[in-house]
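Take a look at the letters that make up each chain.
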Amino acid sequence: MYESVNTGTRSVVEPCSPSMVRRIAAMLDLEVPTLEDGDVLPRGWHFFLLAGETRKSALRPDGFPGLGVPVPELGLPRLLLGGRNVVYHGDITIGSQVERTSFVRNIVEKNTASGRIAIVTIQHALRPVTEPHPVITENQTYILMGEKRTGQATPEIAVPAFVEGIYQKQLIPDETHLFQYSALGFNSHKIHLDVNYTREIEGLPDLVVNGGLATLFMTEFLRLDLGLEPKEITVKHLAPLYCQRPMTLSANRNESDWQLVVYDEKFQKAIEAIVKI
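Report on the accompanying structure.

Cut-offs applied
- Residues numbered from 1 in each chain as written.
- Predicted model: local features only at pLDDT ≥ 70, side-chain atom pairs only at ≥ 80, totals over all residues.
- Heavy atoms only, no water.
- Helix = DSSP H or I, 4+ residues; strand = E, 2+ residues; numbered from the N terminus.
- Polar contact = N/O pair within 3.5 Å; in protein donor to acceptor, adjacent residues only side chain to side chain.
- Contact = heavy atoms within 4.5 Å.
- Salt bridge = Lys/Arg side-chain N within 4 Å of Asp/Glu carboxyl O.
- Buried < 20%, exposed > 50% of the residue type's maximum accessible area, 1.4 Å probe, protein only.
- Arc of directions from axis to C-beta.
- Phe/Tyr/Trp six-rings, centres within 6.5 Å; stacked < 30°, edge-to-face > 60°.

Some thoughts on the side chain of glutamine 140
Its location among the elements puts glutamine 140 in strand β6 (residues 136–145). At 2.9 Å, the side chain of glutamine 140 and the side chain of glutamate 138 are in polar contact. Polar contacts involving the side chain of glutamine 140 include one to the side chain of tyrosine 142, which spans 2.6 Å. When neighbours within four sequence positions are excluded, glutamine 140 is seen to be in contact with Leu50, Gly83, Arg84, Val120, Thr121, Ile122 and His124.

Pasting the structure below:
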């Protein structure tokens with residue numbers, strides 16, 4: 001195992017654009033005029049402020065536009081989102097100017113039974129220019145892998161007999177969700193947009209639902225269905241979710257937090273999350 005830390009930091013100031021917020025509302029099939037300049041940005045909607053600006057000629061082989069900051073070339077052409085941790089210290093106001101500061105927190109290289117991988121953690125901080133400290137800190141963990149071996153199959157996971165959770169909701173993400181979310185976040189990763197690439201190169205059955213989109217569905221479940229506002233959410237991705245297949249969101253309350261689980265169409269656990277309220 002090899003671990004390194006990249007101290008290069010990139011900062012950029014972006015507007016929390018009302019037009020972008022209205023487009024997120026439209027993607028979520030919400031009434032667009034309900035969010036205006038001066039309103040608080042719903043928690044979970046800040047993803048568009050993390051979008052990079054990678055030139056087309058500099059895209060990775062899988063189409064991913066980069067991780068927001070330069071990452072060393074590791075010879076690992078495939079990438080999946082492993083998880084994220086988001087801490088809300090405060091809120092962003094629609095129409096405000098927001099400084100994003102991003103850096104590679106660490107890179108861990110490992111040799112596994114499937115070959116060499118690298119685990120890359122990127123840290124983002126969002127700070128309204130009128131505030132002294134960040135109001136949102138997000139750590140995203142990515143898994144970089146080599147080319148998929150011919151004939152390599154995805155292992156089957158035992159199907160649970162039932163879905164756990166006092167509160168439940170089912171939805172079906174479609175191609176429009178994936179396209180619009182990818183466009184709003186400037187994410188051209190081919191597993192969300194190119195079904196031929198997804199099947200022939202990644203060996204997966206269909207387009208993969210963006211990990212960030214699944215997290216947005218979870219925060220909207222908390223906000224709209226349960227009336228809750230997260231202070232921190234930690235997400236772990238266990239298995240892909242696929243386009244046009246039902247996903248079931250479930251929630252249980254513990255003494256100190258909420259546990260959220262997202263099940264795929266076979267009722268296998270795809271995502272686990274811990275939410276502090």
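Here's the deal with the pattern of salt bridges
Following the criterion strictly, the structure yields 13 salt bridges and no others. The salt bridge involving arginine 43 is made with aspartate 91; its shortest N-O contact spans 2.8 Å. Here arginine 43 is found in the loop between α1 (18–27) and β3 (78–88), whereas its partner aspartate 91 is found in the loop between β3 and β4 (97–112), with 48 residues between them in sequence. Owing to a relative accessible area of 11%, arginine 43 belongs among the buried residues under this scheme. With a relative accessible area of 31%, aspartate 91 lands in the partly exposed category. Measuring nitrogen to oxygen at the nearest pair gives 3.1 Å for the salt bridge that ties arginine 245 to glutamate 265. Of this pair, arginine 245 sits in the loop between β8 (232–237) and β9 (247–253) while glutamate 265 sits in the loop between β10 (258–263) and β11 (269–276); the two residues are 20 residues apart in sequence, bridging distant segments of the chain. When its relative accessible area of 24% is taken as the criterion, arginine 245 is described as partly exposed. By relative accessible area, glutamate 265 is classed as partly exposed at 24%. One network of salt bridges, in which partners are shared, links Arg43, Asp91 and Glu229.

A closer look at α1
Among all positions of α1, only Met20, Val21, Ile24, Ala25 and Met27 are buried. Buried positions in α1, seen along its axis, are confined to an arc of 160° and lie on one side of it. Phi for aspartate 29, located one or two positions after α1, is positive at around 60°.

Describing the environment of leucine 249
Note that leucine 249 resides in strand β9. Given a relative accessible area of 2%, leucine 249 falls into the buried group. It is 19 Å that separates the C-alpha atoms of leucine 249 and asparagine 85, two residues lying 164 residues apart in sequence. Those residues in contact with leucine 249 that lie beyond four places of it in its chain are Tyr167, Gln168, Lys169, Leu171, Phe217, Met218, Phe221, Val261 and Val262.

Things to note about the side chain of asparagine 85
Here asparagine 85 is to be found in strand β3. Judged by relative accessible area, asparagine 85 falls into the buried class, the value being 19%. Side chain to side chain, asparagine 85 and glutamate 232 meet in a polar contact 2.9 Å long. Excluding anything up to four places from it in sequence, asparagine 85 contacts Thr137, Glu138, Asn139, Glu232, Ile233 and Thr234.

Topic: the packing of aromatic side chains
Considering all chains together, one arrives at 3 aromatic pairs under this definition. Here phenylalanine 64 and tyrosine 142 contribute two aromatic rings whose centre-to-centre distance is 5.6 Å and whose plane-to-plane angle is 55°, an arrangement assigned as tilted. Residue phenylalanine 64 is found in the loop between α1 and β3, and its partner tyrosine 142 is found in strand β6; the two are separated by 78 residues along the sequence. Across the pair, tyrosine 142 and phenylalanine 64 agree in class, each one buried. Between tyrosine 167 and tryptophan 258, the aromatic rings sit 5.6 Å apart at their centres with planes inclined by 40°, giving tilted as the arrangement. Remark: tryptophan 258 occurs in strand β10 and tyrosine 167 occurs in strand β7 (residues 167–171); sequence separation between them is 91 residues. Residue class for tryptophan 258 comes out buried when judged on its relative accessible area of 7%.

Coordinates in, geometry out; function isn't part of it.
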